[in-house]
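Each chain, letter by letter, is given below.
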Amino acid sequence: MDKQTIEVEANSLDEARKQVKSQVPKGLKIISQKILSDGKTRSTRGVADTIEDASEKAQSELPPDVEIIDKTQKTTPVRKVITVEAFDEKSAREQVKQDISETARIEGVALKKAGKKGILGIGKKPNWYEVQVFEQAVVEIKYKKKAKIRVELGEPRKSWAQKLEEKKDYRSLAAIFYSQDYRPSRYDKENMARQALRKAGAEAVDAILEELARRGRGGDLADLLVEIGDPKAVPLLKKMLDRGAFAGEVMTIENIRAFIKEHPDRISTLERVKCLLCGKTRPVNQMRGCYEEKGQTVGFCTRTCWRKRGRILGSKDGVGCPYYNEDRMCVPPMGEPSPCTFKFKIGPTFTACHVYRTYPRR
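Report follows, based on the coordinates. Fair warning: this is a prediction, and the values are worked out from it, not measured in the lab. (Residues numbered from 1 in each chain as written. Predicted model: local features only at pLDDT ≥ 70, side-chain atom pairs only at ≥ 80, totals over all residues. Heavy atoms only, no water.)

1. Points about the pairing of strand 8 (residues 137-144)
Definition in use: Burial status follows relative accessibility: with a 1.4 Å probe on protein chains alone, a residue under 20% of its type maximum counts as buried, one over 50% as exposed, and anything between as partly exposed. Counting from the N terminus, the helices are the DSSP runs of H or I reaching at least four residues and the strands are the DSSP runs of E reaching at least two. Pairing between strands requires that DSSP locate at least two bridges from one strand to the other.
Of all 8 residues that make up strand 8, 6 are buried, and the element is covered over most of its length. For strand 3 (residues 41-48) and strand 8, the ladder comprises 8 bridges, and the chain directions are antiparallel. Note that in strand 8 the partner of Thr 44 across the bridge is Ile 141. By the bridge criterion, 7 bridges tie strand 4 (residues 67-75) to strand 8 in an arrangement that is antiparallel. Across the sheet, residue Lys 71 finds its bridge partner in strand 8, namely Ile 141.

Have a look at this one:
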């Protein structure tokens, strides 16, 4: 991989970054960036007995290649005497230290008036001390150094989505797009897979249809098929819509219906479903909980058998339930109607499913 390094100097970081972007050759991208100088105004101080020495000291602290913005004399050198009451010289020094600035120093302490010792501590009075203080000169210099950044350029690395796209592995992209991954990074992965599938367009439709048929649900996959607009998606979308696979996903249902209307020649006859309880065969729109079993679509009569279905269905650990995922999580759809009967209840079992066992029971 070809690599280049660029150093740019400007009055501000924003200006430096703009200059860098304008200098990036075609086919390369910024791999790393290091700020050598942020271009912000800073200051340094010099402290000494005279203004000249303080100024010289502040000047010596300046970095090379800087622009001096301002030079200010903060304090003038001066000597003064402070009178304090204290029982000893040490206490007098400590008392004055708390009142003077960091740049001042104590040059001497003299007893001005002695106090009284008192009798057994009674009537004891402190001494008076004169403390000689010298306030040093302080000079502050504000300066600014130009903003400077160093960037490393290189060829952009291909993402996993780009690699799958180049291989035309659209089935894997469709699986990632509707992975039901619950980690925080899922949204970035899903978005990258979606963009790759949208870019592929009609070429990816067969793979998306296979993944949608395998899962038996997936409003996001259906929305993507509608967005691509290939009429070959109509039969499966109509079939799943009739089965109630998108229950609760109002916008998805509306989009699918509008898409189907645009291609009436692709609409198949209404699917017929056999009831697992009474054995009657009815149109799919009169049935609920439909799924394919041994090449035949089965389910339950909506009005008569749906509420009784818990008597004959059941499995260990959610096997067969379309809303029980590989991570052993129950993910019922929102809204009605829905083949899912997941309920919250208070009792020995916190959650209960009327059809499937969502965890092994003794």
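That shown, we press on.
2. Some thoughts on the pattern of salt bridges
Note the threshold: By definition here, a salt bridge exists when the distance from a side-chain nitrogen of Lys or Arg to a carboxyl oxygen of Asp or Glu is within 4 Å.
Under the defined criterion, the tally for this structure stands at 23 salt bridges. For the salt bridge of Glu 7 with Arg 150, the shortest nitrogen-to-oxygen distance reads 2.7 Å. Taken together, the residues span a long stretch of sequence, with Glu 7 in strand 1 (residues 3-10) and Arg 150 in strand 9 (residues 147-154) at a distance of 143 residues. Take Arg 150: its relative accessible area is 32%, and that puts it in the partly exposed class. Ionic pairing is found between Lys 74 and Glu 140, a salt bridge with its closest N-O pair at 3.6 Å. Here Glu 140 lies in strand 8 and Lys 74 lies in strand 4, a separation of 66 residues in the sequence. Overall, the relative accessible area of 48% leaves Lys 74 in the partly exposed class. Looking at Glu 140, the relative accessible area reads 14%, which means it is buried. One network of salt bridges, in which partners are shared, links Arg 171, Glu 210, Glu 211, Arg 214 and Arg 215.

3. Observations regarding the packing of helix 7 (residues 205-215) against helix 8 (residues 219-228)
Cut-off, in case you're wondering: An axis is simply a line fitted to the C-alpha atoms; with a helix, the fit covers only the stretch in contact. Between two such axes, the angle follows the N-to-C directions and lies from 0 to 180 degrees. Note on terminology: angles under 35 degrees are roughly parallel, angles over 145 are roughly antiparallel, angles of 65 to 115 are roughly perpendicular, and the others are oblique. Crossing handedness: left-handed means the near helix sits turned counterclockwise from the far one by under a right angle, and right-handed means the same turn made clockwise. Should any heavy atoms of two residues lie within 4.5 Å, those residues are counted as being in contact. When residue character is reported, Ala, Val, Leu, Ile, Met, Phe, Trp, Tyr, Cys and Pro are called nonpolar, Asp, Glu, Lys and Arg charged, and the others, Gly included, polar.
Two elements in contact, helix 7 and helix 8, have axes whose closest approach is 10 Å; the angle formed by their N-to-C orientations is 155°. Relative to helix 8, the element helix 7 lies roughly antiparallel. Of the two elements, helix 7 crosses helix 8, and the hand of that crossing is left-handed. Between helix 7 and helix 8, the contacting residues are Val 205, Ile 208, Leu 209, Glu 211, Leu 212 and Arg 215 on the first element and Leu 221, Leu 224, Leu 225 and Ile 228 on the second. Looking at the contact of helix 7 with helix 8 residue by residue, the class counts come to 8 nonpolar, no polar and 2 charged.

4. Observations concerning the sheet that holds strand 5 (residues 78-86)
The strand order across the open sheet built from 3 strands is 5-7-6, with neighbouring strands paired in antiparallel fashion. Of all the strands in the sheet, the pair left with one neighbour each is strand 5 and strand 6 (104-113). Pairwise comparison of adjacent strand axes, ignoring direction, gives a mean angle of 25° for this sheet. Examined bridge by bridge, strand 6 and strand 7 (residues 127-135) share 8 bridges and lie antiparallel to one another. Its bridge partner lying in strand 7, Leu 111 is registered against Tyr 129.

5. Quick look at the pairing of strand 7
Note: strand 5 against strand 7, 9 bridges, orientation antiparallel. Residue pairing in the sheet places Thr 83 in a bridge with Glu 130 of strand 7.

6. Concerning the packing of aromatic side chains
Quick note on the threshold: Between the rings of Phe, Tyr and Trp (Trp by its six-membered ring), a pair exists once the centres lie within 6.5 Å; its type follows the angle of the planes, with under 30 degrees stacked, over 60 edge-to-face, and the other angles tilted. We count a charge as sitting over a ring when the NZ of a lysine or the CZ of an arginine lies within 6 Å of the ring centre and within 35 degrees of the ring normal.
Inspection of every chain in the model, using the stated rule, returns 0 aromatic pairs. The ring of Phe 87 carries Lys 124 above its face, with NZ or CZ at 4.9 Å from the centroid.

7. Here we look at helix 2 (residues 51-60)
Stated precisely, the cut-off is as follows: When we speak of the arc, we mean the arc of directions from the helix axis to the C-beta atoms.
Those residues of helix 2 that sit buried are Ala 54, Ser 55 and Ala 58. Down the axis of helix 2, the buried set is contained in an arc of 100°. They therefore lie on one face. Away from its buried face by more than 90 degrees, helix 2 exposes Glu 52, Glu 56 and Ser 60. For helix 2, the secondary structure elements touched by its buried residues are strand 3, strand 4 and strand 8.

8. As for unusual backbone geometry
Most peptide bonds are trans, and most residues other than glycine sit at a negative phi. The backbone of Asp 65 shows a phi angle near 60°, a positive value even though the residue is not glycine. Positionally, Asp 65 belongs in the loop between helix 2 and strand 4. Since its relative accessible area comes to 70%, Asp 65 is described here as exposed. The phi torsion at Lys 168 lies on the positive side, around 60°, for a residue other than glycine. Tracing the chain through its elements places Lys 168 in the loop between helix 4 (160-167) and helix 5 (170-177).

Coordinates in, geometry out; function isn't part of it.
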